[in-house]
Amino acid sequence: QLKLVESGGALVQPGGSLRLSCAASGFSFNVMGWYRQAPGKQRETVAVITSGGTTTYVDSVKGRFTISRDNAKNTMALQMNSLKSEDTAVYYCMGRLITGAVGTYWGQGTQVTVSS
């Protein structure tokens, strides 16, 4: 069964750091990524990583966030540093398959709140 489970969301002060984790099961995804959705806004891409390790980031997090994955453990992480209030959102783990059970799969989301 395909499943993605996020963890690590929390309340953190501006300038602080947080690490999100995503545990995948069922398949090894070709592409994995983190998305976020703030209240009243559309879901946006934060960072994406391929199975080969190629990464892309939205401009607003470049230099602050780092996406990584462990293909052997089928996990992914997002290290978030220098957090800002505008990073507050529900963060979702995404996995995409391009063969077999082709499609895009989502976790349930984890809340990140940046506030003093």
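Right above here is the structure, for reference.
What counts and how
- Residues numbered from 1 in each chain as written.
- Predicted model: local features only at pLDDT ≥ 70, side-chain atom pairs only at ≥ 80, totals over all residues.
- Heavy atoms only, no water.
- Helix = DSSP H or I, 4+ residues; strand = E, 2+ residues; numbered from the N terminus.
- Pairing = 2+ DSSP bridges.
- Axes fitted to C-alpha atoms, helices over the stretch in contact; angles between N-to-C directions.
- Phe/Tyr/Trp six-rings, centres within 6.5 Å; stacked < 30°, edge-to-face > 60°.
- Buried < 20%, exposed > 50% of the residue type's maximum accessible area, 1.4 Å probe, protein only.
- Salt bridge = Lys/Arg side-chain N within 4 Å of Asp/Glu carboxyl O.

Regarding the environment of Trp34
Moving on, step 1. Looking at the element boundaries, Trp34 is found in strand β4 (residues 31-37).
Moving on, step 2. For Trp34 and Ala24, which are 10 residues apart along the polypeptide, the C-alpha to C-alpha distance reads 13 Å.

Digging into the sheet that holds strand β8 (residues 75-80)
Moving on, step 1. Read across the open sheet, the four strands follow the order β1-β3-β8-β7; overall the sheet is antiparallel. Edge positions in the open sheet fall to β1 (3-7) and β7 (65-70), since each of these has one partner strand only. Put simply, the sheet's adjacent strands are angled 15° from each other on average, direction ignored.
Moving on, step 2. Pairing geometry for strand β3 (residues 18-25) and β8, over six bridges, is antiparallel. What sits directly across from Cys22, in β8, is Met76.

Comments concerning the packing of aromatic side chains
Moving on, step 1. What the rule picks out here adds up to two aromatic pairs.
Moving on, step 2. Judged by centre distance (6.0 Å) and plane angle (55°), the ring pair of Phe29 and Tyr105 falls under tilted. Of this pair, Phe29 sits in the loop between β3 and β4 while Tyr105 sits in strand β10 (residues 103-106), placing them 76 residues apart in sequence.
Moving on, step 3. Here Phe29 falls in the buried class, since its relative accessible area comes to 1%.
Moving on, step 4. Its relative accessible area of 24% is what places Tyr105 among the partly exposed residues.
Moving on, step 5. Aromatic side chains Tyr35 and Trp106 sit 4.9 Å apart centroid to centroid with 80° between the ring planes, which places their arrangement in the edge-to-face category. Of the two residues, Tyr35 sits in strand β4 while Trp106 sits in strand β10, which places them 71 residues apart along the sequence.

Side note on the pattern of salt bridges
Moving on, step 1. Taken as a whole and judged by the stated rule, the model has four salt bridges.
Moving on, step 2. Between Glu44 and Arg36 there is a salt bridge; the shortest N-O distance is 2.6 Å.
Moving on, step 3. Residue Glu44 is classed as partly exposed on the basis of its relative accessible area of 31%.
Moving on, step 4. For Arg36, a relative accessible area of 6% puts it in the buried group.
Moving on, step 5. For Asp59, the salt bridge is made with Lys62, and the minimal N-O distance between the two is 2.9 Å.
Moving on, step 6. Judged by its relative accessible area of 60%, Asp59 falls in the exposed class.

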